[in-house]
There are 2 protein chains.
Amino acid sequence: MTTNSPTTQATNLTSDNPTTDALHNSPFMRACRRESVPYTPVWLMRQAGRYMREYREVRARTTFLELCKTPELASEVTVYAAERLGVDAAIIFADILLILEPLGLELEFAKGEGPVIHNPVRTAADVDRLREMESADSLDYVMQAIRQTRRALKPDLPLIGFAGAPFTLASYMIEGGGSKNYVHTKRLMHADSGAWHALMSRIARALPLYLNAQIEAGAQAVQLFDSWVGCLSPADYREFVLPHTLQAIRNIRPGVPVIHFGTGTATLLELLREAGGDVIGLDWRIPLDEGWRRIGYDRAVMGNFDQILLFTSPAIIREHVGRILQQAGGRPGHIFNLGHGILPETPVENVLALVEAVHELSRR
Amino acid sequence: MTTNSPTTQATNLTSDNPTTDALHNSPFMRACRRESVPYTPVWLMRQAGRYMREYREVRARTTFLELCKTPELASEVTVYAAERLGVDAAIIFADILLILEPLGLELEFAKGEGPVIHNPVRTAADVDRLREMESADSLDYVMQAIRQTRRALKPDLPLIGFAGAPFTLASYMIEGGGSKNYVHTKRLMHADSGAWHALMSRIARALPLYLNAQIEAGAQAVQLFDSWVGCLSPADYREFVLPHTLQAIRNIRPGVPVIHFGTGTATLLELLREAGGDVIGLDWRIPLDEGWRRIGYDRAVMGNFDQILLFTSPAIIREHVGRILQQAGGRPGHIFNLGHGILPETPVENVLALVEAVHELSRR
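Predicted model only: the values in this text are computed from it and were never measured.

Novice: Even after reading the chapter, I still don't get the relation of the copies chain A and chain B, so can you show me in this structure?
Specialist: For the pair chain A and chain B, the superposition axis carries a translation of 0.0 Å, the fit reaches an RMSD of 0.0 Å, and the rotation angle comes to 180°. In symmetry terms, the pair is related by a two-fold rotation axis. Every residue of chain A has its C-alpha some distance from the rotation axis, and the shortest such distance is that of Ala 266 of chain A, at 3.1 Å. The residues that chain A uses at the interface reappear at the interface of chain B in 100% of cases, marking a shared surface.

Novice: What's the story with the interface of chain A and chain B in this structure? I'm lost.
Specialist: You'll often see interface size given as the accessible area lost when the parts meet. Listed per partner, the contact involves 24 residues of chain A and 24 residues of chain B. Broken down by element, the side of chain A that touches chain B gets its largest block of residues, 5 residues, from helix H10 (residues 183–191) of chain A. Grouping the amino acids of the side of chain A that touches chain B by side-chain chemistry returns 13 nonpolar, 7 polar and 4 charged.

Novice: Would you mind showing me how to read the packing of helix H9 (residues 166–175) of chain B against helix H10 (residues 183–191) of chain B here?
Specialist: Residue and element names in this part refer to chain B. Look at H9 against H10: their axes get within 8 Å of each other, and the N-to-C directions meet at 105°. One way to sum up the angle between H9 and H10 is to call them roughly perpendicular. Touching Ala 170, Ser 171, Ile 174 and Glu 175 of H9 are His 184, Thr 185 and Leu 188, all from H10. The class makeup of the residues in the contact of H9 with H10 is 3 nonpolar, 3 polar and 1 charged.

Novice: Where do I start with the sheet that holds strand E4 (residues 159–164) of chain B in this structure?
Specialist: Within a sheet, adjacent strands bond to each other through the backbone by hydrogen bonds, running parallel or antiparallel. All names here are of chain B. The parallel open sheet is built from 7 strands, whose spatial order is E1-E4-E5-E6-E7-E8-E9. The sheet terminates laterally at strand E1 (90–91) and strand E9 (334–338), the two strands that pair on one side only. The pairing of strand E6 (residues 258–262) with strand E7 (residues 279–281) spans 2 bridges and is parallel. By the bridge assignment for E7, Ile 259 is matched with Val 279.

Novice: I tried to follow the pairing of strand E5 (residues 221–226) of chain B on my own but got confused; where do I start?
Specialist: The two faces of the sheet receive side chains in turn, since in a regular strand these alternate between them. All names here are of chain B. Of all 6 residues that make up E5, 6 are buried, and the element is covered over most of its length. Of the two faces of E5, the one lined by Ala 221, Gln 223 and Phe 225 and the one lined by Val 222, Leu 224 and Asp 226 are each fully buried. The pairing of E4 with E5 spans 5 bridges and is classified as parallel. Within E5, the position partnered with Ala 163 by the bridge is Leu 224. Two elements, E5 and E6, share 5 bridges in a ladder whose sense is parallel. The residue of E6 that forms the bridge with Leu 224 is His 260.

Novice: Got a minute to help me understand unusual backbone geometry in this structure?
Specialist: Peptide bonds are mostly trans, and most non-glycine residues show a negative phi. A cis geometry characterises the amide bond from Gly 303 of chain A onward to Asn 304 of chain A, with omega recorded as -15°. Along the chain, Asn 304 of chain A falls in strand E8 (residues 300–305). Its identity is not glycine, yet Tyr 182 of chain A carries a phi of approximately 60°, on the positive side. Mapped onto the elements, Tyr 182 of chain A comes out in the loop between helix H9 (166–175) and H10. We classify Tyr 182 of chain A as partly exposed; it has 19 C-beta atoms within 10 Å. Located in the positive-phi region is Arg 34 of chain B, a residue other than glycine, with phi close to 60°. Summarising the element assignment, Arg 34 of chain B is placed in the loop between helix H3 (27–32) and helix H4 (53–60).

Novice: Help me out: how do you make sense of the sheet that holds strand E6 (residues 258–262) of chain A in this one?
Specialist: All names here are of chain A. An order of E1-E4-E5-E6-E7-E8-E9 is seen for the 7 strands of this open sheet, with the pairing classed as parallel. Pairing within the sheet leaves two strands with one partner each, and these edge strands are strand E1 (90–91) and strand E9 (334–338). Those strands touched by helix H11 (residues 193–217) are strand E4 (159–164) and strand E5 (221–226), and its axis lies near 165° from that of E4.

Novice: Help me out: how do you make sense of the pairing of E4 of chain B in this one?
Specialist: Residue and element names in this part refer to chain B. Counting buried positions along E4 gives 6 out of 6 residues, so the element sits mostly inside the fold. Neither face of E4 is exposed, since Leu 159, Gly 161 and Ala 163 on one face and Ile 160, Phe 162 and Gly 164 on the opposite face are all buried. The pairing of E1 with E4 spans 2 bridges and is classified as parallel. Bridge pairing in E4 places Ala 90 opposite Leu 159.

Novice: Can you help me understand helix H8 (residues 140–152) of chain A in this one?
Specialist: Residue pairs three or four apart in sequence face the same way in an α-helix, which turns once every 3.6 residues. Residue and element names in this part refer to chain A. Between its first and last C-alpha atoms H8 spans 18 Å; for 13 residues at 1.5 Å apiece the expected length is 18 Å, and the two agree. For H8, the set of buried residues is Val 142, Met 143, Ala 145, Ile 146, Arg 147, Gln 148, Thr 149 and Arg 150. On its buried face, H8 sits against helix H6 (71–85), E1, E4 and H11.

About the cut-offs
- Position labels on residues start from 1 in each chain and follow its written sequence.
- Key to labels: chains lettered from A, ligands numbered from 1, both in the order written.
- Given that the model is predicted, a residue must reach a pLDDT of at least 70 before its local features are reported, and side-chain atom pairs must reach 80 or more before they are shown or counted; all residues, however, enter totals for whole chains, interfaces and linings.
- Alignment of copies: least-squares fit on C-alpha atoms of residues with pLDDT of at least 70 in both copies.
- For the purpose of contact definition, each residue receives a C-beta atom placed from its backbone, and two residues are in contact when these atoms lie within 7 Å.
- Runs of E in the DSSP output that reach at least two residues are strands. Runs of H or I that reach at least four are helices, and both are numbered from the N terminus.
- Residues are sorted three ways: Asp, Glu, Lys and Arg are charged, Ala, Val, Leu, Ile, Met, Phe, Trp, Tyr, Cys and Pro are nonpolar, and all the rest, Gly among them, are polar.
- All axes are obtained by fitting lines to C-alpha atoms, using only the stretch in contact for helices, and the reported angles, taken between N-to-C directions, cover 0 to 180 degrees.
- Should an angle fall under 35 degrees it is called roughly parallel, over 145 degrees roughly antiparallel, and 65 to 115 degrees roughly perpendicular, with every other angle called oblique.
- In this description, strands pair whenever DSSP reports at least two bridges between them.
- Buried, partly exposed and exposed are defined by the number of other C-beta atoms within 10 Å of a residue's own C-beta, namely 20 or more, between the two limits, and 12 or fewer respectively, with C-beta atoms placed from the backbone.
- Multiplying 1.5 Å by the residue count of a helix minus one yields the expected span of that helix.

Next up, the structure:
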């Protein structure tokens, strides 16, 4: 693999490079393009995570933020998880909030408390004080991790880059961390829509710089996580979010599949589609067949196994995998995944059983 | 008012009692029956709550559980909130978890932590150890509060009784408190469906005893809160929840309107309807017109103002009230409410502005 040079990367989608061909024709990449596949490709959100003993061992040596910023370690946990699980794609180990630092926010992952932003954005003046991200240089540690991971991964295993979507990033910036009710976020959105749109525009300008740098470094596909967008009504999404997500996705390098994911989006699916993405992520609350019909068969879909079922048993997991595959109906363009990320206490053997069941039950 | 005697209560729906007529023909009760109304009736979930100074003063004198168990105080905050806001219904001050005590659970409202159940239900043996609730006698403090409230309320102001729905109660019993991911709940549901159904049946048997006692004591309508049911897929709801909610609702005294409420239910609306209820509650994530169309116009609907908009301003609130009323289209059978309960930090003046806007903008 030599995808760490821009020249090689640029030829990644041509067919005169055998390594590149292997990636291009991998089940995951074929499914992103809605082409036929020998079996349904599967990967799992947060597949490199605390549920895995080997991850915890690496994590114990450092802080969460330092793990993200140390390319060797980020690459190690990325590659280990993908190989251990036998999934059809790796996703670079990173955090959606890393981009907040070059935008001027003070980010900390407080022990046991999740992310804390010490200077949250609450007013128009706060928005004005944010920095414009001119390049992704200050996030180069992510690109280094991608280059190292791309070199270490099997040559036919795609690597997914990612970022938070504008709304979810804005909500963290405004709330100063996770939130239950998004009071500050919705208040700014409605009571100072000028400041809101300025903030969202700034994020939407930064995202393609970051994602294109990840692609340049060796990612074959990218995912936008709009994890918390499900707290919005469709009217709010259309007015306050859609234009910005659309702008971000439009400026991602053409030809690279974009996965657009959110949870609690049952009333937003048509709007997520409109905002863009080659693959739309579904959570477990909507039956996959119904969700796909509403999104339209000219897009691929990803999902949508209830991650809590990973706490049951291989037999129950297998039954529910079968149901989802049946709903997908063998139609090209289904990437199997969870409805949201794997929880820390999840038994590893059940995760392995899930991957095995997807491969076995979907083999054509 | 003499509705505290069973005899009088039994005649509550006949037309030869002028007081009863006033209740029967109140806008709220007419809307429950999808009859024409002079203006859209409105009440607000958690209208007697911490956002109100007068409530905080009463609350400061005691613990939350003692407030629920002291009829004078529960009645005082109920009546005060309804009169202060000028809403079209009062809802008895109580908590959905009170019924857990006669079922054999040790309930505590830990300061600043929300409810804690010290002996959660995790296994079939735990389910077996639960007590069967033979009558609502041990919850008589709620019925006393209802009788006192009914006497104190204006004779044309309906009083709503309520209980938690089987799923939401089961989730608290199993998790031992609030939950983010419902791991224990879903594990029991899927891994020991016999124990799950036994638990849900037991709750479904207890609920009508409790709700009918509330009706007997003087409640004109009752609401089932299935606040957390939105974490389920439609398939899980159908198999593990619907039969039990249906059983509970079927055994509520005929002729008394039942409001069936949940949040995050965009993919469950048809199933909520199937489980029962004269009025189906909608949260803010689904446009009211779309939700009502899916539920069917032979049911009334309640909702669905985003409670976070109460943190903006009277002008913005008024605009969004107008949108919801427009979606309701003047069709009989709309009760205005929030998508979920009022948050503690909500400015009272904005709540008043909401009620005023609903009345003004909907007056025919």
